[in-house]
Structures are given as structure tokens and as C-alpha cells.
Amino acid sequence: MAEIIDGKRIAASVVAAVKAAALALEQRQGVRPGLAVVIVGDDPASHTYVAAKSRMAKECGFNSIQHTLPAGATQAELAALVRSLNDDAAIHGILVQLPLPGHLDPEPIIQSIRPEKDVDGLHVVNAGKLATGDLATGLVSCTPAGAMVFVRRIHGADLSGLNAVVVGRSNLFGKPMAQLLLNANATVTVAHSRTGDLPSFCRNADILVAAVGRPEMVKADWVRPGATVIDVGINRIPAPERGEGKTRLVGDVAFAECAGVASVITPVPGGVGPMTIAMLMANTVIAAHRAQGLTPPAF
Ligand code: GUN
């Protein structure tokens, strides 16, 4: 039976380190890390996520600001808000919650965020810095950064000689995850929905990272015995065994059967999920240090 990674515990240790770094920055420089979270409209799931981010920012001792624009806000209004946050020296991190309402174009908004305040790591400058291995000045997208914390705790910082397979090629996760693994010297394959014979690619992985959004797609016979399996999927499926109309969360990995083959595995929920918010806090405290010309802590 595989070791099951406790994402909540590891996220709590990252948050504790962020709190300590924020406190030290305030005591030494008189600067509080500032995080502005922008949400447009009233999608309940997005409001739940944003409230969790704002709450955690407060808990970390940050200057936590939330801007809620009405569902009918215009592109120009949202752009003006981002401009004002770009110009606000008390704000070190800006996050525009996605998805935006359909009439708004997210791309020009995201690309208008100053790269040094882009704590989501979505600006092309930050994507480019990651692609060129410049982790010292760029900001990395929070979920892959969190998954990489797990990988480092299991395998150390140098993945020389290890095969990593990332299933999924999104800009938000698959591509940056592959870049992080490559930076750490892994031999990286990016597989996706158009890959032929996906199971045989997966069986080659010492580190298998699944981010496809298909419930329990990765089966036990896709997993190399002794592999590390990191499940980034969050899928809600019907759970009639819990009562009529009930649902439950599952990942992209068939957890129970794969846990019998892997040596380390992340659960859903309670694996990568809690790391995303923790790494958003880490990115904000990193951005605040850099704004003062200080070397930020590493997480
Ligand atoms: N919506 C769901 N996940 C994310 C995320 O990581 N960043 C932003 N900005 N919006 C999201």
C-alpha cells in the first residue's frame, strides 16, 4: 500500500513559513504583503474560492483586499481596476478570478497585470521565465508550484535519471508542471487527450502527474510499480450510495486500485488542492520581498 501524501499538513507547513516571512518583512521593513483578489459577477463556486483566498491572506497577516465587480461590469471598468492595482505600491499580488463572465475577454486583462504582481503566474513574461529556467525572478502558477513541493519532498530537488509523465497540457497546469520537472532535471513527457496508447506512456513514469479532468481515468495497470502518483483532478461524480442526489469528489486517478501499485500517491480531496492557496500566499510574500529589493524565501 502506497504512502498517502497529506496535502493539508504540507500546505499548513507552507502557510506557517509564509506567516513567519510576512511577519519578519513587516518588522524589518514596515511592509505588509498586499494581495488584491478581483472577482466579477456572482458565480457561487468562484465566490467560495475567492473567500477562501481572502481569508487565508488575512490569516497570513497580509493586507488582503477583495474587489467585487457586478456581473455587468465592462472590459474597460475591469481594465481600469487592474491599472489602479498595478499602480498601488501597497499591493504586491493581483489575482483576477477566472472564469470571467462570457462578455469579458480574460486574456488582455491577465496580460495587463504587471508581471511582478502576477501571483497566478499567467502572464506571458512569467510563462517565458519559467520556460527559460529563470525561477529566480519569475512567478510560477500556484497549482504546479504546489505539486512540485510534493515532488521535492519525495525525491529531493534533483530528478536526474527519473522519467516524469504529465497527462494534460493546459497553460494553467500541464505546461508549467512539465517545465518545473524539466528544470529539476527529470526526463519529461507531456501526454494528452490526443496521445496514442496513453497507458503505455504512463507505465514509463517514475513520477506520474494526472491533470486531465476525467474522473478516475488512470487505472492500476497504467502505474509503474513503485511510482509516485500526483493527482491534480477534481471531479464531482454522482454517489447514490450516499443517498439520492448525493455526489462526491474524485480525482483523475482511480485511487484505491492505484494505491496498491504506487509507492506514494496523493488523495482527492486533501492532496494537491490545499497546496494551491498555500502557494498563492507564498507567491504574494515572494513578490513583496522582491518589491523591497530583498531575496525572497524559498518554499
Ligand atoms: N479559477 C480556478 N482556479 C483559478 C486559479 O488558479 N486562478 C484564477 N485566477 N482563477 C481560478
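Higher on the page you've got the structure.
Here's what I pulled together on the structure shown here. Note that the structure is predicted; figures quoted are calculated from it, not measured.

Thresholds, definitions, all that
Residues numbered from 1 in each chain as written. Predicted model: local features only at pLDDT ≥ 70, side-chain atom pairs only at ≥ 80, totals over all residues. Heavy atoms only, no water. Axes fitted to C-alpha atoms, helices over the stretch in contact; angles between N-to-C directions. Helix = DSSP H or I, 4+ residues; strand = E, 2+ residues; numbered from the N terminus. Parallel < 35°, antiparallel > 145°, perpendicular 65-115°, else oblique. Left-handed = near helix turned anticlockwise from the far one by under 90°. Contact = heavy atoms within 4.5 Å. Nonpolar A, V, L, I, M, F, W, Y, C, P; charged D, E, K, R; others polar. 1 Å grid on protein atoms, 1.4 Å probe; cavity = no way out; pocket = protein on both sides within 12 Å on 5 of 7 lines; lining within 4 Å. Points joined across faces, edges and corners; volume = space filled by probe spheres on them. Pairing = 2+ DSSP bridges. Salt bridge = Lys/Arg side-chain N within 4 Å of Asp/Glu carboxyl O. Buried < 20%, exposed > 50% of the residue type's maximum accessible area, 1.4 Å probe, protein only.

1. Thoughts on the packing of helix 1 (residues 7-29) against helix 10 (residues 273-291)
Okay, step 1: For the pair helix 1 and helix 10, the least separation of the axes is 9 Å and the interaxial angle reads 20 degrees. Considering their axes alone, helix 1 and helix 10 lie roughly parallel with respect to each other. Helix 1 and helix 10 meet at a crossing whose hand is left-handed. Contact residues: helix 1 offers Gly7, Lys8, Ile10, Ala11, Val14, Val15, Val18, Ala21, Ala22 and Leu25, while helix 10 offers Pro274, Met275, Ala278, Met279, Met281, Ala282, Val285, Ala288 and His289.
Okay, step 2: Class assignment of the residues belonging to the contact of helix 1 with helix 10 gives a composition of 16 nonpolar, two polar and one charged.

2. What to know about the layout of surface pockets
Okay, step 1: By volume, the largest pocket is sized at about 1,300 Å³.
Okay, step 2: Lining the largest pocket are 43 residues; nearest its centre among them are Tyr49, Thr143, Ile234, Gly273 and Thr276.
Okay, step 3: Counting only elements with at least two residues in the lining of the largest pocket, the list comes to helix 2 (44-59), strand 4 (93-96), helix 6 (142-155), strand 9 (235-238) and helix 10.
Okay, step 4: Ranked by the residues each element gives to the lining of the largest pocket, the list is headed by helix 2, at seven residues.
Okay, step 5: The calculated volume of the second largest pocket comes to roughly 500 Å³.

3. Digging into the environment of Leu208
Okay, step 1: Inspection of the secondary structure assignment puts Leu208 in strand 7 (residues 207-210).
Okay, step 2: Put simply, Leu208 and Val166 are 42 residues apart on the chain and 6.2 Å apart in space, counted from C-alpha to C-alpha.

4. Details of the sheet that holds strand 5 (residues 163-167)
Okay, step 1: Taken in spatial order, the six strands make up an open sheet running 1-11-8-7-5-6, and their pairing is parallel. Pairing within the sheet leaves two strands with one partner each, and these edge strands are strand 1 (3-4) and strand 6 (187-191).
Okay, step 2: Of the strand pairs in this sheet, strand 5 and strand 6 are connected by five bridges, and their pairing is parallel. From the neighbouring strand, Val165 faces strand 6, where its bridge partner is Thr189.
Okay, step 3: Sheet strands touched by helix 6: strand 7, strand 8 (228-231) and strand 11 (264-265). Its angle to strand 8, the strand with the most contacts, is close to 165 degrees.
Okay, step 4: In the packing of helix 7 (residues 174-183) onto the sheet, the strands contacted are strand 5, strand 6 and strand 7, and the crossing angle to strand 5 comes to about 170 degrees.

5. Structural notes on the pattern of salt bridges
Pairing between side chains of opposite charge can happen when their charged atoms approach one another.
Okay, step 1: Under the defined criterion, the tally for this structure stands at five salt bridges.
Okay, step 2: Ionic pairing is found between Lys19 and Glu59, a salt bridge with its closest N-O pair at 3.4 Å. Here the residue Lys19 occupies a position in helix 1, and Glu59 occupies one in helix 2, the gap between them amounting to 40 residues.
Okay, step 3: Assessed through its relative accessible area of 32%, Lys19 is described here as partly exposed.
Okay, step 4: You can call Glu59 partly exposed: its relative accessible area is 48%.

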